[in-house]
Amino acid sequence: MPRIVLASQSTSRRRLLEDAGLNPTIIVSNVDEETDFFNAMSPTDMVIALAVSKAHTVREMIDYPAIIIGCDSTFDVDGVSFGKPGTTDIAIERAKKISGRTGLLHTGHCIIDTEKGIEIADRVTTKVTFTDMTEEEITDYVASGEPLHVAGGFTLDGFGSPFIPVIEGDYTNVVGISMPFLRGAMKQLGYSWPQVKEMS
């Protein structure tokens, strides 16, 4: 049975898979997410394009049968993509912009079954609403370092959770992988969820 390969270094994505009984092999694609090509796209198109690029890059790196999972997430505020802030200043600026507002967390998924030669790619979107955050709360949150390297500059499964009173849609999608989408993709590939667990 094919091995499950996660084309991501995200600990949150890995944890979602492991908590569901899967044991993924981690292979990081190192795809450059900040190119003009990707940045010119809408947030909804960009996450799918990056997920596909990551999955295909890893596909070229392995020589064994596998189910490859590539993902990319961004936070869409009025059509503007908020990816990973990277710096403290950008993280603070973005936190101020999303404070008290609602945005859309898009995650693009690309699932490749190398043995069957089948690829499934799509996007899942969850609406995320933030409470009003004080200057001190924003400064302290950014100082934790957590928001610097995650899409949108926030986490739902970490220090950011107290600032998110409402989500509409899939919780796991915000964390990094839509597990219901993954289950549906596996069924399309001909695997039932218990069989997928056995594969790991």
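Cut-offs and rules
- Residues numbered from 1 in each chain as written.
- Predicted model: local features only at pLDDT ≥ 70, side-chain atom pairs only at ≥ 80, totals over all residues.
- Heavy atoms only, no water.
- UniProt positions renumbered as here; feature names shortened; annotations may be inferred.
- Helix = DSSP H or I, 4+ residues; strand = E, 2+ residues; numbered from the N terminus.
- Contact = heavy atoms within 4.5 Å.
- Polar contact = N/O pair within 3.5 Å; in protein donor to acceptor, adjacent residues only side chain to side chain.
- Axes fitted to C-alpha atoms, helices over the stretch in contact; angles between N-to-C directions.
- Parallel < 35°, antiparallel > 145°, perpendicular 65-115°, else oblique.
- Left-handed = near helix turned anticlockwise from the far one by under 90°.
- Salt bridge = Lys/Arg side-chain N within 4 Å of Asp/Glu carboxyl O.
- Buried < 20%, exposed > 50% of the residue type's maximum accessible area, 1.4 Å probe, protein only.

(A) Geometry of the UniProt feature "active site" (unreviewed entry) in the protein chain. The positions UniProt marks with the feature "active site" (unreviewed entry) are Asp72. Mapping aspartate 72 onto the fold places it in strand 3 (residues 66-77). Every residue in contact with aspartate 72, bar those within four places of it in the chain, is listed here: Arg13, Glu33, Val47, Leu50, Ala51, Lys54, His106, Thr107 and Gly108. Of the polar contacts made by the side chain of aspartate 72, one reaches the side chain of lysine 54; its length is 3.0 Å.

(B) Here's a closer look at the packing of helix 4 (residues 88-98) against helix 5 (residues 135-143). Put simply, helix 4 and helix 5 touch, their axes get as near as 10 Å, and they point 140° apart. As far as their axial angle goes, helix 5 and helix 4 are oblique. The handedness of the crossing between helix 4 and helix 5 comes out as right-handed. Between helix 4, through Thr88, Ala91, Ile92, Ala95 and Lys96, and helix 5, the contact on the second element is made entirely by Glu135, Ile138 and Val142.

(C) Here's a closer look at the side chain of lysine 54. Mapping lysine 54 onto the fold places it in helix 3 (residues 43-59). The contacts of lysine 54, once residues within four sequence positions are left out, are Ala7, Ser29, Val31, Glu33, Cys71 and Asp72.

(D) Inspection of the pattern of salt bridges at higher detail. All told, the structure shown has 6 salt bridges when counted by the stated rule. Here lysine 97 makes a salt bridge to glutamate 93, at a shortest N to O gap of 3.2 Å. Of this pair, lysine 97 and glutamate 93 both sit in helix 4, separated by 4 residues, roughly a single helical turn. Judged by relative accessible area, glutamate 93 falls into the partly exposed class, the value being 42%.

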